[in-house]
Amino acid sequence: MVHHNHSRRSGDDRVEIRTVRGESESVTHTILRGLATIEDVPVTELDPLYEQVETEALDALLAHANESDAAVSVEFTTPKYTVVVTHGDRVCIHDGESAVSTVGGVC
């Protein structure tokens, strides 16, 4: 099951989406799915993610961290969003510069 959690702070135009990777889904696809959700477009209409981050290296780093049960957090920006991927392949996408979650202080 794929989960999305959208939130918007009252009096604030900031948008945040948090999503968890599906069982057979790559982290890269999870990020694209989140970006597509926040943009309200199909994944196929997004610019390639590899223009923003080395996707193969990201997938390899996170796979190794999960196998080693190591806590890892990777943050990068796209032209419109900040993306944070944390331990357990949780993905948070925020518009604006800060990637600190509005819930619990972390992604």
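Remember, it's a predicted structure, so these values are computed and weren't measured experimentally.

Re the overall build of the protein
- Along the protein, the regular secondary structure elements total 2 helices and 5 strands.
- Reading the protein from its N end, one meets helices and strands in the order β-β-α-α-β-β-β.
- Burial status across the protein gives 39% buried among its 107 residues.
- For the protein, the proportion of contacts with a sequence separation of at least 24, taken over those separated by at least 6, is 38%.
- Accessible surface, the protein as shown: approximately 6,400 Å² in total, 49% of it carbon and sulfur.

Things to note about the confidence of the model for the protein
- Of the residues in the protein, 67% reach a pLDDT of 70 or more, and the chain-wide mean stands at 76.
- Low confidence marks residues 1–12, where pLDDT is under 50. Its contacts with residues over four positions away, or in another chain, come to 28 contacts.
- Low pLDDT, under 50, characterises residues 98–106; the stretch is placed with 19 contacts to residues that sit more than four places away or in other chains.

Concerning the side chain of Thr 28
- By secondary structure assignment, the location of Thr 28 is in helix H1 (residues 27–39).
- Polar contacts involving the side chain of Thr 28 include one to the side chain of Asp 59, which spans 3.1 Å.
- Here Thr 28 is in contact with Leu 49, Thr 55 and Asp 59, once residues within four sequence places are set aside.

Re the pattern of salt bridges
- All told, the structure shown has 1 salt bridge when counted by the stated rule.
- Between Lys 80 and Glu 39 there is a salt bridge, with the nearest N and O atoms lying 2.9 Å from each other. Taken together, the positions of Lys 80 in the loop between strand E3 (73–77) and strand E4 (81–86) and Glu 39 in helix H1 put the pair 41 residues apart, joining distant regions of the chain.

Definitions and limits used
Residues numbered from 1 in each chain as written. Predicted model: local features only at pLDDT ≥ 70, side-chain atom pairs only at ≥ 80, totals over all residues. Heavy atoms only, no water. Helix = DSSP H or I, 4+ residues; strand = E, 2+ residues; numbered from the N terminus. Buried < 20%, exposed > 50% of the residue type's maximum accessible area, 1.4 Å probe, protein only. Contact = heavy atoms within 4.5 Å. Areas by Shrake-Rupley, 256 points an atom, 1.4 Å probe, with all protein chains shown as cover. pLDDT = per-residue confidence, 0-100. Polar contact = N/O pair within 3.5 Å; in protein donor to acceptor, adjacent residues only side chain to side chain. Salt bridge = Lys/Arg side-chain N within 4 Å of Asp/Glu carboxyl O.

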